[in-house]
Amino acid sequence: MVKRKSASSSEEGWNYEAKVVEIEGIIAGIEAGELELEEVFDQFAKAVEYLRQCESFLQQRQQQVDLLIETLSDE
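Notes on the structure follow.

What counts, and at which threshold
- Residues numbered from 1 in each chain as written.
- Predicted model: local features only at pLDDT ≥ 70, side-chain atom pairs only at ≥ 80, totals over all residues.
- Heavy atoms only, no water.
- Helix = DSSP H or I, 4+ residues; strand = E, 2+ residues; numbered from the N terminus.
- Buried < 20%, exposed > 50% of the residue type's maximum accessible area, 1.4 Å probe, protein only.
- Contact = heavy atoms within 4.5 Å.
- Areas by Shrake-Rupley, 256 points an atom, 1.4 Å probe, with all protein chains shown as cover.
- Patch = residues over 30% accessible without salt bridge, like charges linked within 9 Å, V, L, I, M, F, W, Y side chains within 5 Å.
- Salt bridge = Lys/Arg side-chain N within 4 Å of Asp/Glu carboxyl O.
- Lys, Arg positive; Asp, Glu negative; His and termini not counted.
- Charge placed at Lys NZ, Arg CZ, Asp CG, Glu CD.
- Phe/Tyr/Trp six-rings, centres within 6.5 Å; stacked < 30°, edge-to-face > 60°.
- Lys NZ or Arg CZ within 6 Å of the ring centre and 35° of its normal.

1. Thoughts on the overall build of the protein chain
Inference 1: Looking only at helices and strands, the protein chain features two helices and zero strands.
Inference 2: When the 75 residues of the protein chain are sorted by exposure, 15% land in the buried category.
Inference 3: The contacts in the protein chain between residues at least 6 apart in sequence include a share of 71% that link residues at least 24 apart.
Inference 4: Total accessible area on the protein chain stands at roughly 6,500 Å², and carbon and sulfur atoms take up 54% of it.

Below, the structure written as structure tokens:
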């Protein structure tokens, strides 16, 4: 079986679940209130970028599912 690279991940080893855990960690750190204001903004920006990556991943997977369903419907 041939493994295909994920179209959404330009980085080797990108993992949706791992990004979600990172986002949750960032949110917890911000909510703890122990970060300097500049660090809050930096962490928030990082979380937004991770969310964009996750959204792109999910959109691509939805397109794949839609295509598979369409293929099944054509048969």
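We are not done yet, so read on.
2. Quick word on a negative patch on the surface
Inference 1: A surface patch of like charges, here negative, comprises Glu36, Glu38, Glu39 and Asp42.
Inference 2: Locating Glu38 in the fold gives a position in helix 2 (residues 37–74).

3. What about the packing of aromatic side chains?
Inference 1: Summed over the entire model, instances satisfying the criterion amount to two aromatic pairs.
Inference 2: Each ring, one from Trp14 and one from Phe57, has its centre 5.3 Å from the other, and the planes form 45°; the classification is tilted. Taken together, the positions of Trp14 in the segment before helix 1 (16–32) and Phe57 in helix 2 put the pair 43 residues apart, joining distant regions of the chain. Each of the two residues, Trp14 as well as Phe57, counts as buried.
Inference 3: Note on Tyr16 and Phe57: the rings are 5.4 Å apart at their centroids and 25° apart in plane angle, and the pair reads as stacked. One end of the pair, Tyr16, is in helix 1; the other, Phe57, is in helix 2, with 41 residues separating them in the sequence.
Inference 4: Given the relative accessible area of 16%, Phe57 is considered buried.
Inference 5: Members of the aromatic cluster, joined through ring pairs, are Trp14, Tyr16 and Phe57.
Inference 6: Here Lys19 stacks its cationic end above the ring of Tyr50, 4.0 Å away from the centre of that ring.

4. A short note on the side chain of Gln43
Inference 1: Structurally, Gln43 is set in helix 2.
Inference 2: Classification of Gln43 by relative accessible area gives buried; the value is 16%.

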